[in-house]
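Listed below are the residues making up each chain.
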Protein chains: 2
Amino acid sequence: MWSGQPPARPVGRGAKVRAAVHAATLAELVDKGYASMTVENVAQRAGVHKTTVYRRWKDRESLLTDALAEHMATDIPVPDTGSIETDLRALARSIVQALTSPAGQAILAAMFTGAAHLPQIAAARRQVFDDRLARAEPVLRRAIERGQLPADIDPAEVLKTLAAPIYLRLLITAEPVDETTADQAVRVTLAAVRAGALRPGRHDEPVGE
Amino acid sequence: MWSGQPPARPVGRGAKVRAAVHAATLAELVDKGYASMTVENVAQRAGVHKTTVYRRWKDRESLLTDALAEHMATDIPVPDTGSIETDLRALARSIVQALTSPAGQAILAAMFTGAAHLPQIAAARRQVFDDRLARAEPVLRRAIERGQLPADIDPAEVLKTLAAPIYLRLLITAEPVDETTADQAVRVTLAAVRAGALRPGRHDEPVGE
């Protein structure tokens, strides 16, 4: 009943439940993989009732996509060291670390194996990648302001060039991925930027020399 | 019964059956996807009896991995134009074409969605990629002989740098992949090669300038 005052509401209760359920979803993925993950197990692990989970997430697919968006939005710290080399190296190494951690491996396995057939997973992959691009762009903007990179670069292309060899190894060649992979990706990316190969709107020009 | 002479054997009969079954497997993948593919349908489409298929392939998983290895071993022509720019551009465009054709799309969907959970698929991905690398290496060797590329390059790294942005778009960002993507990959790869970023054994050196 409306008494003129809003009812007292436990502040942050919803946020706490969300965080606990996200953490439990990741832990279940790491321990058992997506194929064996159930809403019941996630609820039990999070210490909440199953109906609490179902009030916020309609099924385990939603649990998965929501937890991975949450996880991947925060797993890559954005460096600001004053140098584009060390910034890109830190960024590439963070990407490698995130993707090779137990949580990262469990998420990749879910996205590309266990849950690869779900239509919402394709959207989640794209979304996660776009979010990372958006968060990493300041690294490039600051380097341009410091005069360490030419101003006419396409930031999204630069960051995709950095990430591409890491994903190729993880998803196709199944080679080990480590700091060496990250550093090599930085060398390639910087060489491409400095040669003007990652300028915006170069798409119609000939390859040339 | 052994009569001292080997029995007359229809030359190439086995090869013809294999080719017909491979083609039928790809056609079934394109039309229906891996989830709906059956040995029975493949046999019918190939115009052979089901038991003929089962004599050579133990299940539909073997049909799939065999057909895709066969297909991908021959789908990328290896160019020899006299110029490393035009060779790499032709190679990158062929990769794009192969991966975006109906057969290529059906195979990618099977490898990364429908059949992604099969252990032999991970091995197939790696194998297919290694085969392509091995076949494309002469392009780089010839460019070195012509003095168009430095001799101290790691050919596998060069070709992975070429392919990586194409796969990133197909598997992660779901952006359109076309000749523009291919040409951009060539620019990045050549810039990296010329800057010495794809030398063998650079793996322990600092990123540097």
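Position labels on residues start from 1 in each chain and follow its written sequence. Each chain takes a letter, starting from A, and each ligand takes a number, starting from 1, following the order in which they are written. With pLDDT at 70 or above as the cut-off, local features in this predicted model cover only qualifying residues; side-chain atom pairs require 80 or more to be listed or tallied, and sums for whole chains, interfaces and linings still use all residues. The side-chain numbers reported here are obtained from all heavy atoms of the structure, hydrogens and water having been left aside.

- Identification of chain A as TetR/AcrR family transcriptional regulator from Bailinhaonella thermotolerans is taken from an unreviewed UniProt entry.

**Let's talk about the overall build of chain A**
At step 1: Secondary structure elements are taken from DSSP: a helix is a run of H or I of four residues or more, a strand is a run of E of two residues or more, and numbering for both begins at the N terminus. Across its full length, chain A carries nine helices and zero strands.
At step 2: When the helices and strands of chain A are read in sequence order from the N terminus, they spell out α-α-α-α-α-α-α-α-α.
At step 3: The buried label goes to any residue with under 20% of its type's maximum accessible area, the exposed label to any with over 50%, and the partly exposed label to all in between, with areas taken from a 1.4 Å probe on protein chains only. Burial statistics for chain A: of 209 residues in total, 49% are counted as buried.
At step 4: When checking whether two residues touch, look at their non-hydrogen atoms; a contact exists if any pair is within 4.5 Å. For chain A, long-range pairs separated by at least 24 residues make up 67% of all intrachain contacts whose partners lie at least 6 apart in sequence.

**Remarks on the UniProt feature "DNA-binding region" (unreviewed entry) in chain A**
At step 1: UniProt positions are given in the numbering used here, feature names are shortened, and annotations may be inferred rather than shown by experiment. In this structure's numbering, the residues bearing the UniProt feature "DNA-binding region" (unreviewed entry) are residues 38-57 of chain A.
At step 2: Annotation note: span residues 38-57 of chain A, helix share 75%, strand share 0%, distance between end C-alpha atoms 12 Å.

**Regarding the relation of the copies chain B and chain A**
At step 1: The fit set for superposing copies consists of C-alpha atoms from residues with pLDDT of at least 70 in both; the fit itself is least squares. Rotating chain B by 180° and translating it 0.0 Å along the rotation axis places it on chain A, where the RMSD comes to 0.0 Å. Taken together, the rotation angle and the small translation identify this as a two-fold axis. Residue B:Ala164 of chain B places its C-alpha closer to the rotation axis than any other residue of that unit, at 2.6 Å.
At step 2: The residues that chain B uses at the interface reappear at the interface of chain A in 100% of cases, marking a shared surface.

**Observations regarding the environment of B:Ala19**
At step 1: Within the secondary structure, B:Ala19 is located in helix H1 (residues 13-32).
At step 2: You can call B:Ala19 partly exposed: its relative accessible area is 46%.

**Regarding the pattern of salt bridges**
At step 1: We count a salt bridge whenever a side-chain nitrogen from Lys or Arg sits within 4 Å of a carboxyl oxygen from Asp or Glu. Evaluated as defined, the whole model comprises 32 salt bridges over all chains.
At step 2: The salt bridge partner of A:Glu175 is A:Arg169, with a shortest N-O separation of 3.9 Å.
At step 3: Here A:Glu175 falls in the partly exposed class, since its relative accessible area comes to 27%.
At step 4: We note a salt bridge from B:Arg45 to B:Glu28, for which the minimum N-O separation is 2.8 Å. Remark: B:Glu28 occurs in helix H1 and B:Arg45 occurs in helix H2 (residues 39-46); sequence separation between them is 17 residues.
At step 5: Shared partners join several salt bridges into a network, and the residues in it are A:Glu28, A:Asp31, A:Lys32 and A:Arg45.

**Side note on the interface of chain B and chain A**
At step 1: Contacts between the two partners involve 41 residues from chain B, matched on the other side by 41 residues from chain A.
At step 2: Once two parts are put together, the accessible area they lose, assessed with a 1.4 Å probe and summed over both, is termed the buried area. Summed over both partners, the interface of chain B with chain A buries about 3900 Å², with 60% contributed by carbon and sulfur atoms.
At step 3: A:Glu175 is paired through a salt bridge with B:Lys160; the nearest N and O atoms lie 2.6 Å apart.
At step 4: Identification of polar contacts relies on pairs of N or O atoms within 3.5 Å, with a donor-acceptor requirement for protein atoms, meaning one able to donate a hydrogen and the other able to accept it, and with residues adjacent in sequence counted only if both atoms are side-chain atoms. Here chain B is connected to chain A by six residue pairs in polar contact (both at pLDDT 80 or more).
At step 5: When contributions to the side of chain B that touches chain A are tallied by element, the ones reaching two or more residues are helix H5 (84-100), helix H6 (102-114), helix H7 (119-145), helix H8 (155-173) and helix H9 (179-194) of chain B.
At step 6: Top contributing element to the side of chain B that touches chain A by residue count: H8(B), with 11 residues.
At step 7: Each residue is assigned to one class: nonpolar for Ala, Val, Leu, Ile, Met, Phe, Trp, Tyr, Cys and Pro, charged for Asp, Glu, Lys and Arg, and polar for all the others, Gly among them. Its residues placed into classes, the side of chain B that touches chain A shows 19 nonpolar, eight polar and 14 charged.

**Describing a positive patch on the surface**
Residues and elements named next belong to chain A.
At step 1: A patch consists of residues exposed above 30% relative accessible area that lack any salt bridge, with like charges linked at up to 9 Å and nonpolar side chains (Val, Leu, Ile, Met, Phe, Trp, Tyr) linked at up to 5 Å. The method behind every accessible area is Shrake-Rupley, applied with a 1.4 Å probe, and residues are considered shielded solely by the protein chains displayed. Charge counting follows a simple rule: Lys and Arg are positive, Asp and Glu are negative, and His as well as the terminal groups are ignored. Charge placement uses NZ in Lys and CZ in Arg. For Asp and Glu, CG and CD serve respectively. Residues Arg13, Lys16, Arg55 and Arg56 make up a contiguous surface patch of positive charge.
At step 2: At the level of secondary structure, the elements contributing two or more residues to the positive patch comprise helix H1 (13-32) and helix H3 (50-56).
At step 3: Looking at where Arg56 falls in the secondary structure, it is placed in helix H3.
At step 4: Given the relative accessible area of 35%, Arg56 is considered partly exposed.

**What about H8(B)?**
All names here are of chain B.
At step 1: By definition here, a helix of n residues has an expected span of 1.5 Å times n minus one. Given a rise of 1.5 Å per residue, 19 residues ought to cover 27 Å, and the 27 Å separating the end C-alpha atoms of H8 matches this to within 8%.
At step 2: We define the bend at any residue as the angle between the axes fitted to the seven residues before and including it, ending there, and the seven starting there. Its maximal kink placed at Ala163, H8 deviates by approximately 35°, while the proline Pro165 follows within four residues.
At step 3: With respect to burial, H8 is a largely interior element, 16 of its 19 residues being buried.
At step 4: Once H8 finishes, Ala174 follows within two positions and takes phi at roughly 55°, a positive value.

**So, the side chain of A:Thr189**
Residues and elements named next belong to chain A.
At step 1: With respect to the helices and strands, Thr189 occurs in helix H9 (residues 179-194).
At step 2: Residue class for Thr189 comes out buried when judged on its relative accessible area of 0%.
At step 3: Apart from residues lying up to four places away in sequence, Thr189 is in contact with Leu88, Val158, Thr161, Leu162 and Leu198.

**Some details on the environment of B:Ala185**
Residues and elements named next belong to chain B.
At step 1: Tracing the chain through its elements places Ala185 in helix H9.
At step 2: When the C-alpha atoms of Ala185 and Ala92 are compared, they prove to be 7.4 Å apart, with 93 residues separating the residues in sequence.
At step 3: Each residue touching Ala185, except ones within four places of it in the same chain, is listed here: Leu162 and Pro165.

**As for the packing of aromatic side chains**
Residues and elements named next belong to chain A.
At step 1: Within 6.5 Å between ring centres, the rings of Phe, Tyr and Trp (the latter by its six-membered ring) count as paired, and their orientation is classed by plane angle as stacked under 30 degrees, edge-to-face over 60, tilted in between. Applying the stated criterion to the full structure yields two aromatic pairs over all chains.
At step 2: Each ring, one from Phe129 and one from Tyr167, has its centre 6.0 Å from the other, and the planes form 65°; the classification is edge-to-face. Residue Phe129 is found in helix H7 (residues 119-145), and its partner Tyr167 is found in helix H8 (residues 155-173); the two are separated by 38 residues along the sequence. Across the pair, Tyr167 and Phe129 agree in class, each one buried.
At step 3: When the ring centre of Tyr34 is taken as origin, the NZ or CZ atom of Arg60, which lies over that ring, is 4.1 Å away. Each ring is checked for a lysine NZ or an arginine CZ that lies within 6 Å of its centre and within 35 degrees of its normal; such an atom marks a charge sitting over the ring.

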